[in-house]
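# Coordinate inspection notes
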Amino acid sequence: MRLPIFGRILFVSAFLILFCSCQKEIDVIGGGPVVPVSQTPKLGTTWTYDYTTYYSYGSLESSKVLTHRAKTEETLGGEKWLNIVDTNTDTTVYYLNVKTGGLYQFANSGSNLFCKDPATLNETYTSFNSGAIEDFTVKGISDTLPTGIGDVPANYYEGVKSGDLIDLIWYNKNSWIVRRIVYRRLPPPATVYFRQSTLYIKSIAY
């Protein structure tokens with residue numbers, strides 16, 4: 001038995017609503033749009049982060065929105081690097097470049113591997129970061145990480161200096177640094193070791 005024309009219209013409308021709802025759930029994961037696989041950071045890209053700092057005794061010190069921007073492209077050591085600046089202070093945060101082997105930063109007058117990609121679990125490498133030699137270990141490969149830009153696959157790295165776990169870094173090839181936690185130890189004679197800051201991506205504009 002065929003439905004009356006009005007019934008068929010209702011049926012088709014209900015189907016379209018259900019289809020669009022399902023499609024929206026596919027396109028939006030973890031509360032935000034999935035990062036397009038065709039996009040990668042370039043000159044002009046802007047990252048917006050939630051940035052929180054802590055006192056050495058553990059209490060919250062400050063919380064703010066931090067914006068980084070690929071302001072210029074500069075030649076250093078015979079290679080081109082994106083100059084990533086803090087837009088509030090117009091100061092350089094990193095010089096970054098993706099090359100064979102992963103994300104590199106220019107520091108200590110040379111190219112240093114920051115986030116190895118592709119990588120294997122528990123792979124180690126030595127780099128120079130934040131003013132000193134740092135030993136990194138790959139602790140996660142393409143783990144699903146909920147972020148402000150959706151659920152993204154991210155590699156996870158731990159960086160150690162002088163026996164202390166200093167850096168926890170999550171890297172996505174389309175967004176680069178999507179999360180970072182930094183620990184510090186106060187200078188001797190103090191023995192305090194504490195979480196200094198957290199960085200969590202809110203959005204990215206290519």
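In what follows, the accompanying structure is described. Being a predicted model, the structure only gives us computed values, none of them experimental. (Residues numbered from 1 in each chain as written. Predicted model: local features only at pLDDT ≥ 70, side-chain atom pairs only at ≥ 80, totals over all residues. Heavy atoms only, no water.)

Describing an aromatic ring pair means giving the distance of the ring centres and the angle of the ring planes. The tally for this structure, following the rule as stated, stands at eight aromatic pairs. With centroids separated by 5.2 Å and ring planes inclined at 5°, the aromatic side chains of tyrosine 55 and tyrosine 57 adopt a geometry described as stacked. With relative accessibility at 62%, the residue tyrosine 57 sits in the exposed group. An angle of 20° between the planes, with centres 5.5 Å apart, marks the rings of tyrosine 125 and phenylalanine 136 as stacked. With tyrosine 125 in strand 9 (residues 124-129) and phenylalanine 136 in strand 10 (residues 132-147), the pair connects residues that are 11 residues apart, well separated along the chain. Residue tyrosine 125 is classed as buried on the basis of its relative accessible area of 10%. What links up through ring pairs into an aromatic cluster is the set Tyr94, Phe114, Tyr125 and Phe136. A cation sits over an aromatic face here: lysine 99 above tyrosine 104, 4.4 Å from the ring centre. Positioned above the aromatic ring of tyrosine 54 is the side chain of arginine 195, whose terminal nitrogen or guanidinium carbon lies 3.9 Å from the ring centre. (Phe/Tyr/Trp six-rings, centres within 6.5 Å; stacked < 30°, edge-to-face > 60°. Buried < 20%, exposed > 50% of the residue type's maximum accessible area, 1.4 Å probe, protein only. Helix = DSSP H or I, 4+ residues; strand = E, 2+ residues; numbered from the N terminus. Lys NZ or Arg CZ within 6 Å of the ring centre and 35° of its normal.)

Once that is clear, we can look at the layout of surface pockets. It is a probe the size of a water molecule, rolled over the atoms, that shows where empty space is left. Volume-wise, the largest pocket comes out at about 390 Å³. Tyr51, His68, Val93, Tyr94 and Arg180 are, among the 17 residues lining the largest pocket, the residues nearest its centre. Going through the elements one at a time, strand 4 (60-76), strand 6 (91-99), strand 13 (176-185) and strand 14 (193-205) are the ones with two or more residues in the lining of the largest pocket. Take the lining of the largest pocket: its biggest share by element is four residues, from strand 14. Partitioned by chemical class, the residues of the lining of the largest pocket number six nonpolar, seven polar and four charged. (1 Å grid on protein atoms, 1.4 Å probe; cavity = no way out; pocket = protein on both sides within 12 Å on 5 of 7 lines; lining within 4 Å. Points joined across faces, edges and corners; volume = space filled by probe spheres on them. Nonpolar A, V, L, I, M, F, W, Y, C, P; charged D, E, K, R; others polar.)

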